[in-house]
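One letter stands for each residue in the lines below.
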Protein chains: 2
Amino acid sequence: MSQQPVIILVGPQMAENVGMSARAMMNCGLYELRLVNPREDHLSAKAISASSNAEEILYNAKVYASTEEAIADLNYVYAATARHRDQIKPVYNADTAAVEMSKFITGHGSCGILFGCERTGLSNVDVSLANAIINIPLNPKHSSLNLSQAVLIICYEFYKTQIEKPEVHLEMNGTSLASKDKVIKFVQHFEKLLENCGNYKEGDKREKMFINLQNIFTRTQLTEQEINSLYGAINYISRQN
Amino acid sequence: MSQQPVIILVGPQMAENVGMSARAMMNCGLYELRLVNPREDHLSAKAISASSNAEEILYNAKVYASTEEAIADLNYVYAATARHRDQIKPVYNADTAAVEMSKFITGHGSCGILFGCERTGLSNVDVSLANAIINIPLNPKHSSLNLSQAVLIICYEFYKTQIEKPEVHLEMNGTSLASKDKVIKFVQHFEKLLENCGNYKEGDKREKMFINLQNIFTRTQLTEQEINSLYGAINYISRQN
């Protein structure tokens, strides 16, 4: 049983879009592609080229004569559709659907997502085969996505449920954040050089300048490496005077 | 001052990708596009066609000779890059960055996102112009996104911060959920028809069947309309016997 949602393209018209969908799937770690009556050959040079090294997915893709056959072994099916449908069906946002899919696969079984053809999307009969609808929240004035873009967003939302990543981290390039002590000593060194210049500000103005410098170098979260660069730079300048 | 992040494509190579990026922007309600030294004409037929009715964004796009000029009026700049960079810089996931951008625009000023060219991405100098890096979490074995796909994901994450949507809703098609009373009465009606068939199960088996039916029709969250269809269907079948 597949541990990933299966991507099912129903009647895709353009080989490039099938290729780009395969690329988007691989970008997000999804590998199982099914095609229902594709109009063009999904193994054509155009498709392979558009897949940008994801041709493995195209070679492994299965082709079916009907949506019913393409979903036969699955337990739960979503229909990706932007248009309002006159059908009674739960409608999930892409991110919520991704979380549900992930839980479903862990707990129950296999699931798949149906995507319609470029020109008209899914037919009403195809939508009626789905347990639920996935809607990608988009600008209501321009909600028509390219097929591979729709595939990408849903695969991306699923991928996000599969990984644990810090929301933000500081890229350190082998160095470490400077301790407060080092930052304070550097600002004091800077201040001393300024004093040595002569004509340096007096009283309130001097204090204001000092506080500004202290704030600037505190706020930037300096690393050890950067503090060394700063010492080098200002020492160099001060020797020019 | 722009109330939206500005999308800045640095040295894009293919007009189609510029057009598809415009389409992705409009899908997500973003309208301000800037181009630094595009290789091909962003108003060519190829670009307009790929924009799929988002040509307004292409016509309004400004072209610059350098990244420095393209970001001159902005207050905060992100670099979208998949590769590890030897630079000390905060790295945000796309979703967290979108939330930060939204807060920044509300509170402080304008921001933009730099995207590099298709073949090599952003140069190190371009990255050094950015306050922070945006990373789209993707399959580490295949993390190279098409340019317009990268633009789409970041615009989509921003759009999600701008809207309030229920995570899931039931599409009702003008009808309403049936009350429990109607569901229970329908199951009882079904049971009565079964009893009238003769040869109907006895004792434990009968109760099991009843409970199964009750569960099936309770779990599906029937609407008024659907209950009427069910009455019609089973009454019709029972008259055939």
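Preceding this paragraph is the structure being described.
Calculation criteria
The residue count restarts for each chain, going from 1 along the sequence in the order it is written. Whichever chain is written first becomes A and whichever ligand is written first becomes 1, with later ones labelled in order. For a predicted model such as this one, the threshold for reporting local features is a pLDDT of at least 70, and the threshold for listing and counting side-chain atom pairs is 80 or more; totals across whole chains, interfaces and linings nevertheless cover every residue. No hydrogens and no water enter the side-chain calculation; it runs on all heavy atoms of the structure. The axes used here are C-alpha line fits, helices contributing only the stretch in contact, and every angle between their N-to-C directions lies in the interval 0 to 180 degrees. A helix here means a DSSP run of H or I that spans at least four residues, while a strand means a run of E at least two residues long, and both kinds are numbered starting from the N terminus. Rotating anticlockwise by less than a right angle from the far helix to the near helix defines a left-handed crossing, while the corresponding clockwise rotation defines a right-handed one. Here, residues are in contact when the closest pair of their heavy atoms is within 4.5 Å. Nonpolar residues are Ala, Val, Leu, Ile, Met, Phe, Trp, Tyr, Cys and Pro. Charged residues are Asp, Glu, Lys and Arg, and all others, Gly as well, are polar. Note: buried area is the sum, over both parts, of the accessible area (probe 1.4 Å) each one loses when the two are combined. We define a salt bridge as a contact between a side-chain nitrogen of Lys or Arg and a carboxyl oxygen of Asp or Glu at a distance within 4 Å. We call two N or O atoms a polar contact when they sit within 3.5 Å, provided that within protein one can donate a hydrogen and the other can accept it, with sequence-adjacent residues counted only if both atoms are side-chain atoms. The copies were overlaid with a least-squares fit restricted to C-alpha atoms from residues scoring a pLDDT of at least 70 in each copy. The nonpolar core is taken to be a set of buried Ala, Val, Leu, Ile, Met, Phe, Trp, Tyr and Cys residues, with the residues joined through side-chain atoms within 4.5 Å. Each residue is placed in one exposure class: buried if its accessible area under a 1.4 Å probe, protein chains only, is under 20% of its type's maximum, exposed if it is over 50%, and partly exposed if it falls in between. Strands pair, by our definition, only if DSSP identifies at least two bridges between them. Expected helix span is given by 1.5 Å per residue-to-residue step, counting one fewer step than there are residues. The handedness of a crossover follows from its direction of travel: if, with the strands pointing away from the viewer, the path from the first strand over the helix to the second runs clockwise, the crossover is right-handed. Stacked, edge-to-face and tilted labels apply to pairs of Phe, Tyr and Trp rings (six-membered ring for Trp) whose centres lie within 6.5 Å, assigned for plane angles under 30 degrees, over 60, and everything in between, in that order.

What follows is about the packing of helix H7 (residues 147-162) of chain A against helix H7 (residues 147-162) of chain B. Where H7(A) contacts H7(B), the axes come no closer than 10 Å and their chain directions differ by 65°. For the pair H7(A) and H7(B), the sense of crossing is right-handed. For the pair formed by H7(A) and H7(B), the contact residues are A:Ser148, A:Gln149, A:Leu152, A:Ile153, A:Tyr156, A:Glu157 and A:Lys160 on the first element and B:Ser148, B:Gln149, B:Leu152, B:Ile153, B:Tyr156, B:Glu157 and B:Lys160 on the second. Classifying every residue of the contact of H7(A) with H7(B) gives 6 nonpolar, 4 polar and 4 charged.

Before going further, it helps to examine the interface of chain B and chain A. Each partner contributes residues to the interface: chain B has 58 residues there, and chain A has 58 residues. Taken over both partners, the interface formed by chain B and chain A buries close to 4,700 Å², and the fraction arising from carbon and sulfur atoms is 54%. In this structure, the connection of chain B to chain A is made through 4 salt bridges. Measuring nitrogen to oxygen at the nearest pair gives 2.6 Å for the salt bridge that ties A:Lys160 to B:Glu157. The interface formed by chain B and chain A contains 25 residue pairs in polar contact (both at pLDDT 80 or more).

A few words on the relation of the copies chain B and chain A. Each of the two copies of the chain can be brought onto the other by a rotation about an axis and a shift along it. Least-squares fitting of chain B to chain A yields an RMSD of 0.1 Å, with the superposition described by an axial translation of 0.1 Å and a rotation of 180°. Accordingly, the operation relating the two chain copies is best matched by a two-fold axis. Interface residue correspondence from chain B to chain A reaches 100%, placing this contact among same-surface, isologous pairings.

Counting residues in each nonpolar core, the largest one holds 88 residues, and the members touching the most others are A:Ile7, A:Leu33, A:Phe115, B:Ile7, B:Leu33 and B:Phe115. When residues no more than four places from it in sequence are discounted, the contact partners of B:Ile7 are B:Met25, B:Leu30, B:Glu32, B:Leu33, B:Arg34, B:Ile113, B:Phe115, B:Val151 and B:Cys155.

Our next topic: the sheet that holds strand S8 (residues 168-171) of chain B. Pairing in this open sheet of 8 strands is mixed, and the strands run S3(A)-S2(A)-S1(A)-S6(A)-S4(A)-S7(A)-S5(A)-S8(B) from one edge to the other. Edge strands, defined here as strands with exactly one partner in the open sheet, are strand S3 (62-64) of chain A together with S8 of chain B. For this sheet the average axis-to-axis angle between neighbouring strands, irrespective of direction, equals 30°. Packing against the sheet, helix H5 (residues 94-107) of chain A makes contact with strand S4 (76-80), strand S5 (89-93), strand S6 (111-115) and strand S7 (132-135) of chain A, and its axis sits at approximately 105° to S5(A). In this fold H7(A) packs onto strand S1 (6-10), S4, S6 and S7 of chain A, with an angle of close to 155° to the strand it touches most, S6(A).

What follows deals with helix H1 (residues 15-27) of chain B. In this model H1(B) runs 18 Å from its N-terminal to its C-terminal C-alpha over 13 residues, within 8% of the 18 Å that 1.5 Å per residue would give. If you check which residues of H1(B) are buried, you get B:Ala15, B:Asn17, B:Val18, B:Gly19, B:Met20, B:Ser21, B:Ala22, B:Arg23, B:Ala24, B:Met25, B:Met26 and B:Asn27.

Among the structural elements, A:Asn139 can be located in the loop between S7 and H7. The class of A:Asn139 is buried, set by a relative accessible area of 7%.

Reading across the sheet, the 8 strands line up as S8(A)-S5(B)-S7(B)-S4(B)-S6(B)-S1(B)-S2(B)-S3(B) and stay open at both edges, with mixed pairing between neighbours. Only two strands of the sheet have a single partner each, and these edge strands are strand S8 (168-171) of chain A together with strand S3 (62-64) of chain B. Within the sheet, the average angular offset between the axes of one strand and its neighbour, ignoring direction, is 30°. One ladder, built from 3 bridges, connects strand S2 (residues 33-36) of chain B with S3(B); its direction is parallel. Paired with B:Leu35 across the two strands is B:Val63, which belongs to S3(B). Lying on the sheet, helix H5 (residues 94-107) of chain B is in contact with strand S4 (76-80), strand S5 (89-93), strand S6 (111-115) and strand S7 (132-135) of chain B; it crosses S5(B) at an angle near 105°.

All names here are of chain A. Residues other than glycine seldom take positive phi values, yet Asn53 does so here, at roughly 75°. Along the chain, Asn53 falls in the loop between helix H2 (45-51) and helix H3 (55-60). Residue Asn53 is classed as exposed on the basis of its relative accessible area of 63%.

In this section: the pairing of strand S1 (residues 6-10) of chain B. A regular strand places its side chains so that they alternate between the two faces of the sheet. Residues and elements named next belong to chain B. Buried residues dominate S1, accounting for 5 of its 5 residues. In S1, alternate side chains face the same way, and those of Val6, Ile8 and Val10 on one face and Ile7 and Leu9 on the other are all buried. Alignment of S1 against S6, held across 4 bridges, turns out to be parallel. Directly across from Leu9, in S6, lies its bridge partner Phe115. Sheet analysis places S1 next to S2, joined by 4 bridges and oriented parallel. Its bridge partner being in S2, Ile8 is matched across the sheet by Arg34. Regarding topology, H1 serves as the crossover connection from S1 to the parallel S2, and that connection is right-handed.

The next thing to look at is the packing of aromatic side chains. Residue and element names in this part refer to chain A. Enumeration according to the criterion identifies 14 aromatic pairs over all chains in this entry. Taking the centre distance of 6.0 Å and the plane angle of 50° together, the rings of Phe190 and Phe217 count as tilted. Of this pair, Phe190 sits in helix H8 (residues 180-196) while Phe217 sits in helix H9 (residues 203-219), placing them 27 residues apart in sequence. Note on accessibility: Phe190 and Phe217 belong to one class, buried. Each member of the aromatic cluster is reached from another via a ring pair, and the members are Tyr76, Tyr78, Tyr92 and Phe104.

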